[in-house]
Amino acid sequence: MRPLSLTLVAFGPFAGRTELDFARLGTRGLYLITGVTGAGKTTLFDALTFALYGEPSGRNRRPEMLASQYAAPGEAPLARLAFEHRGQTYTVERTLPYERPRQRGTGTVQVPGGATFLYPDGRAPLTRPAEVTQTVTGLLGVDRDQFCQIAMIAQGAFQELLLADTAARSAIFREIFKTGPYQDFQNRVKADALALEDACRQAERDLQRLTDGIRADTDDPLAPELARLHAAVPSAADVQSLLMRLLAQDEHALDALRTALEQDDHLLEAADAALGRAVQLDALRADAAEAEGWLAAQTPVLDTLQAALATEQARAPRLEQLAEAIPVARADLARLAALEALVARQAALQAAAAQAEANAAQLANDTASLRMRLTATRAELDALSGAAAAVERLAAEERRAAERIAALESLQTQRENVAHAEVALAAAQTRYLRAADESETARRALDAALRLFLDGQAGVLARTLAPGQPCPVCGAAEHPAPAALQAHVPTEAALDAQRASADALAKTAVDRSAEAARRRGEAEQARVALLAAAEPLLGATEPEALPALLPAALAEARAAHTAAVQALAQAQEQAQRAERVREGLPRAEAKLTKQEADGLAAAQEAAQARTEAAALQTRIAEEQAQLPAANRAEAEARLQALQDERTALTRALETAQTAYSTTREGIALRRAKLETLHAQLAGAPQSDTAAQRTRREGLAAARAERLARQQALAARRQQNAATLDSLRTLAAQSEAQLRQRAWLSTLSQTVNGTLPGKEKITLETYVQTTVLDHILARANTRLMRMSNGQFELRRRAAAGDLRQRSGLELNVLDHYAGAERDVRSLSGGEQFKASLALALGMSDEVQASAGGVQLDTLFIDEGFGSLDDDSLSTAVDVLASLGEGNRLVGIISHVQQLKERIDRQIVVTRTRVGSHVEIRV
């Protein structure tokens, strides 16, 4: 990749448009980027990197810091780079976010940054910033960090790398050569080893916990051995052996308990049978005694119940009378209910007649009122007949008023543009006058210096005259009055520099004149366009009168528009009212017709209801004369009394019958049961139920105690068996963990550099030593040349302190002294040579690690001021060798010796209004 041209607008210290034609520098060799401190030398590389990748070259600089503080408000900060790559020319352009004034009104608008990438074959350009960055990275084969490491040797950075210890240098290499995965592997192995160590310790704790969980009786023969295991750190084999013996012993005891429990079950079964027989005989004797007592009490009662039953049976004739009277009373009640329905119907008809008469009267009133409203509505519709035409006419007036306002506002904007153009013209004229004055002053100073130079040449020649030697001007051998050497005569080099400065100022004056002419044309064009637009609106007028005419015209137009809007709204409301009236008129007419018909129907309904009510009144009188009760309540009371009497007689008869039957059947059942009980008890022995129950409870208590011992022993054995299973699993896991710990701990110590008695070299550092050896091999080819074969960088073979990290320390071999020493012992100039050589070696190695990517441009920003003349000359020779072939090397420096030696220069000049760039070849 070789840059061809770089264009900057409002970028960094460069206020206006700055164009840098790299093609003038050629395709190979050295060139110098020079200028005072802070002029913007490094900004050129920032701009190049920003154009390619969207970020500056320095990590401590952010893209938003690149916008120029000297630029005019609203000017877009821009960096455009044209570059050649593999014989093709590409262009990439990026803009920074910026604020610009609003085109209308006050305030500013935030404009986002953007990017554009142009292909050489004319295909569609890329416009998304991320897509442009991805395309540049793929095209060049390096990302932004690799590009800066290969193409830019930053000031002071590699001196820090030269003097860094292993830890600091390792961190730098990790970032550049991506060795972080090796460090991640170290950390992962270390974490795994620590986790396995914790797991082994946990296994020991688990073994102790399982041992503490073993249970045995205090009088058990194995209890002392178990106590010893509890007190010490046990082995899994000892614990397993003890557990197996405890389990065998408990199994034997459980077998004995199971045999004893079977014998207890047989004894309990016999005791339960004897107790059951005794309880059964006691129950039979108690049932016989209860039956005999009941018979003695209930036998005399049976005669009394039989007499009560006969009394109730004698009332049967009355029940028959009631059975005939109740249906008659029920029929009378039904006739009264029908009569009440007729009375209700007659009352409803009278109410309906009254309501129909009221409805007819109301409908007559409503009909008269509606007829009057219809007359008024037809009159209103006639009055609103012209509303629709008024809406169309007023809408046209409102549109014309709005169009005039828009035209006047556009005219106002044009007037403001004319004012801006005139302000820009005045500023351009001021800049031109100032540049012309500066150019004239420089030209007069150059003429004076030239006269002084020419006048002083006689004194210079006079210094070379010798008695007897001919004068180079007139040829005379005598020199009676040689000219004196004048003071303050400028040198030819100073005169050339002053001439170049005067030429630059003259060029600036010409540029300012062209700019002022362009601004004048823009202002005149804007004025002509303004007058053309104002004439149809305000008549023929001058631009100077517009500030007074436009506000009044706008106010008048807005007032007319407001009046038109109000009139249009009123007309639209009237048109809508007319439409609503027109739509509602048929409905009102239909309603009037319906109300007239409804009134006639209501009158007919009232007459019919009155007729039906009179007929019902006659029928009601006839029915009332035939009924025994005066009303329904009296009939219901008579019916209820008859029903209550029948219910009482019936219930008393049923109660007497039930009592007599129940008692008679109970006596018969008790006598039969008593005979059965006497037969069952005949010949039965006497039994002692309490003694049988006491014996049975004793047997049950003994069995429960033995069962509790069995359950406790079984639970203990189950717990110990589970402990044995857990112990076997734990032993297998622990054995595998111990085998893994043996090799994983050694691996962790090896890759993390913590092996006792060994150098503290980590795996990542070991990998980085290979990278460092490659860098040193490349760097020493240049350092040997720059130091005339005296110095060679060496990686320190052994650490001085086994307690500190090592592996990346640097020594320098002094071939003159034949000794190797620390790089910190080098002088300032020697350290610069070593760091520059290291930087060049680093650039070559990064370039090689990036897949053999070849960048045809290199920038070096280092402190050449610390070198003496011979060292500087040697360093320049080494850098010149970098430019052999098709490589262009740019040196960023303000050292005077470099200015005198390197004839191709990019000169950055700082002024109060921003910096300027000039290429001198």
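Preceding this paragraph is the structure being described.
These figures come from a predicted structure and were not determined experimentally.

Visitor: Would you take a moment to explain the sheet that holds strand β2 (residues 14–21) for this structure?
Guide: Pairing between the strands of a sheet is mediated by backbone hydrogen bonds and can be parallel or antiparallel. Ordered in space as β2-β1-β4-β5-β8, the 5 strands form an open sheet in which the pairing is antiparallel. Of all the strands in the sheet, the pair left with one neighbour each is β2 and β8 (114–118). Strand after strand, the sheet turns through a mean of 10° between neighbouring axes, direction not considered. Pairing of strand β1 (residues 2–11) with β2, which is carried by 6 bridges, proceeds in the antiparallel orientation.

Visitor: Got a minute to help me understand helix α2 (residues 129–140) in this structure?
Guide: Helical periodicity: at 3.6 residues per turn, an α-helix aligns residues three or four positions apart in one direction. Helix length check: α2, at 12 residues, gives a terminal C-alpha distance of 17 Å against a target of 16 Å (1.5 Å per residue), a fit within 8%. Listed as buried for α2 are Val132, Thr135, Val136 and Leu140. One side of α2 carries all its buried residues, which in axial view fall inside an arc of 115°. Along α2, the residues that are exposed and aim more than 90 degrees away from the buried face are Ala130, Gln134 and Gly138. Looking at the buried residues of α2, the elements they touch are α1 (41–53), β4 (78–85), β5 (88–95) and β8.

Visitor: Would you take a moment to explain the sheet that holds strand β10 (residues 791–795) for this structure?
Guide: Taken in spatial order, the 3 strands of this open sheet run β10-β11-β12, and their pairing is antiparallel. Two strands lie at the open edges of the sheet, namely β10 and β12 (819–822), each paired on one side alone. Strand-to-strand twist of the sheet, defined as the mean angle between neighbouring strand axes without regard to direction, takes the value 35°. Of the strand pairs in this sheet, strand β11 (residues 810–814) and β12 are connected by 4 bridges, and their pairing is antiparallel. Residue pairing for β12: Asn811 is matched across the bridge by Asp822. Lying on the sheet, helix α16 (residues 763–786) is in contact with β10 and β11; it crosses β10 at an angle near 175°.

Visitor: Would you mind going over the pairing of β5 with me for this structure?
Guide: Successive side chains on a regular strand alternate, one facing one side of the sheet and the next facing the other. Sheet analysis places β4 next to β5, joined by 8 bridges and oriented antiparallel. Bridge pairing in β5 places Glu84 opposite Thr89. Counted between consecutive antiparallel strands, the loop separating β4 from β5 contains 2 residues, among which Arg86 sits at a positive phi close to 55°. Of the pairings in the sheet, the one linking β5 to β8 comprises 5 bridges and is antiparallel in character. By the bridge assignment, Thr91 is partnered in β8 with Leu118.

Procedures and definitions
Residues numbered from 1 in each chain as written. Predicted model: local features only at pLDDT ≥ 70, side-chain atom pairs only at ≥ 80, totals over all residues. Heavy atoms only, no water. Pairing = 2+ DSSP bridges. Helix = DSSP H or I, 4+ residues; strand = E, 2+ residues; numbered from the N terminus. Axes fitted to C-alpha atoms, helices over the stretch in contact; angles between N-to-C directions. Expected span 1.5 Å × (residues − 1). Buried < 20%, exposed > 50% of the residue type's maximum accessible area, 1.4 Å probe, protein only. Arc of directions from axis to C-beta. Contact = heavy atoms within 4.5 Å.

Keep in mind these numbers describe shape, not what the thing actually does.
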